[in-house]
Amino acid sequence: MEALVLVDIQIDFCPGGALPVPEGDKIVPIVNEIIHCFNLKVATKDWHPRDHKSFAINHPNKKVGEIVYIDGVEQVLWPVHCVQGTPGAEFHPELKSDKIDKIIYKGTDPNIDSYSGFFDNLRKRATGLDDFLKEKGVKTIYVAGLATDYCVKYTVLDGLELGYNVYVISDGIKGIDLNPGDIEKAVAEMKEKGAIFVSSEDIKNSAKCREPS
Ligand code: VGL
Ligand code: ZN
């Protein structure tokens, strides 16, 4: 069984949002064209309480982009984004989100960030994604979403570590490049650890992808 895993395709990560990923919105039509090719579609939502420790505003005298250590774990400080229940935390309005079977919420604990769709950054708490996929008999995941160098990367690496076959949809991801080269490094690391990159065109041409009925 295969599943499509859509990572954080939310308004705040698109241009005009609170933590915009350059061209983040460009992946939406691409994802929409392949979403029907999968029997199972799961999406993660970055879903922070307002007092989340990843927000610079919650650290006195710290600015966005600075790094702090929380329980010994490096944390980049971000602008306030994807606050639970706010418009910015909604899926991009053009995403065919009615096709999504399951939403996994992450980053809900104010004290720890969760880049991966599977675990928080300390790997203390699972989000429920692994249990859900296992329950459905999923062995292979196709990943698209935002951002290549954060949540996509960590979701892919955890997926590989958990034993899934992991495909990354190369034109279905966009990154932040906080430090130029971050995206390239993230792609290299995912490939090195065993992720296979495929284009949305490859998926559309594959047997599993029939015309939407
Ligand atoms: C993300 C930074 C902070 C992401 C989430 O979805 O990649 N990046 N929170
Ligand atoms: Zn976040």
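The rules behind the values
Residues numbered from 1 in each chain as written. Chains lettered and ligands numbered in written order. Predicted model: local features only at pLDDT ≥ 70, side-chain atom pairs only at ≥ 80, totals over all residues. Heavy atoms only, no water. Core = buried A, V, L, I, M, F, W, Y, C linked by side-chain atoms within 4.5 Å. Buried < 20%, exposed > 50% of the residue type's maximum accessible area, 1.4 Å probe, protein only. Helix = DSSP H or I, 4+ residues; strand = E, 2+ residues; numbered from the N terminus. Contact = heavy atoms within 4.5 Å. Donors = N, O, S within 2.8 Å, 3.2 Å for Na, K, Ca; no water. Tetrahedral: all angles 85-135°; square planar, octahedral: opposite > 155°, others 65-115°. Pairing = 2+ DSSP bridges. Polar contact = N/O pair within 3.5 Å; in protein donor to acceptor, adjacent residues only side chain to side chain. Disulfide = S-S within 2.5 Å. Near = heavy atom within 4 Å. Areas by Shrake-Rupley, 256 points an atom, 1.4 Å probe, with all protein chains shown as cover. Nonpolar A, V, L, I, M, F, W, Y, C, P; charged D, E, K, R; others polar.

A. Representation of the nonpolar core in the model. Ranked by internal contacts, the top residues of the largest apolar core, which has 61 residues, are Leu-6, Leu-133, Ile-141, Val-156 and Met-190. At the level of elements, strand E1 (2–7), helix H1 (27–34), strand E2 (40–46), helix H2 (129–135), strand E6 (140–146), helix H3 (148–161), strand E7 (165–174) and helix H4 (182–192) are the ones that each hand at least two residues to this core. Examining the composition of this core, we find that six residues originate from one element, H3, more than from any other. Sequence-distant contacts of Leu-6, defined by excluding residues within four places in its chain, comprise Val-31, Ile-35, Val-42, Ala-43, Thr-44, Ile-100 and Ala-144.

B. Geometry of the coordination of the zinc ion (ligand 2). Listed as protein donors to the zinc ion (ligand 2) are Asp-46 (OD), His-48 (NE2) and His-81 (NE2); their distances from the metal cover 2.0 to 2.2 Å. For the zinc ion (ligand 2), the four donor atoms in the first shell make angles of 86 to 169° at the metal, so the coordination geometry reads as irregular. In the primary structure, the donors to the zinc ion (ligand 2) are separated according to the pattern D-x1-H-x32-H. With a gap of 35 residues between them, Asp-46 in strand E2 and His-81 in the loop between strand E4 (73–76) and strand E5 (102–106) connect regions that are remote in the sequence. Using a relative accessible area of 3% as the deciding quantity, one classes Asp-46 as buried.

C. Structural detail: the pairing of E4. Of the pairings in the sheet, the one linking strand E3 (residues 67–70) to E4 comprises four bridges and is antiparallel in character. Bridge pairing links Val-68 to Gln-75 in E4. Hairpin connection of E3 to E4: two residues between the antiparallel strands, including Asp-71 at a positive phi of 50°.

D. The environment of Asp-8, seen in detail. Structurally, Asp-8 can be placed in the loop between E1 and H1. Spatially, the C-alpha atoms of Asp-8 and Ala-144 are 9.1 Å apart, while their sequence positions differ by 136 residues. Within polar-contact distance, the side chain of Asp-8 engages the side chain of Thr-44 at 2.7 Å.

E. Local environment of the state of the cysteines. Enumeration over the complete set of coordinates arrives at one disulfide. With its sulfur 2.0 Å from that of its partner, Cys-37 forms a disulfide with Cys-209. Remark: Cys-209 occurs in the segment after helix H5 (200–204) and Cys-37 occurs in the loop between H1 and E2; sequence separation between them is 172 residues. Cys-209 matches Cys-37 in its accessibility class, with the two residues each being buried.

F. Inspection of the site of ligand 1 at higher detail. Near ligand 1 the following residues occur: Asp-8, Phe-13, Leu-19, Asp-46, Trp-78, His-81, Tyr-115, Leu-146, Ala-147, Tyr-150 and Cys-151. In this structure, His-81 approaches ligand 1 through a side-chain N or O atom, which is 3.1 Å from a nitrogen atom. A distance of 3.0 Å is found between an oxygen atom of ligand 1 and a backbone nitrogen or oxygen belonging to Ala-147. With the chains in place, 100% of the 260 Å² that ligand 1 exposes on its own is no longer accessible. Here the residues of the shell around ligand 1 are counted per class, giving eight nonpolar, one polar and two charged.

Just distances and angles here, no functional claims.
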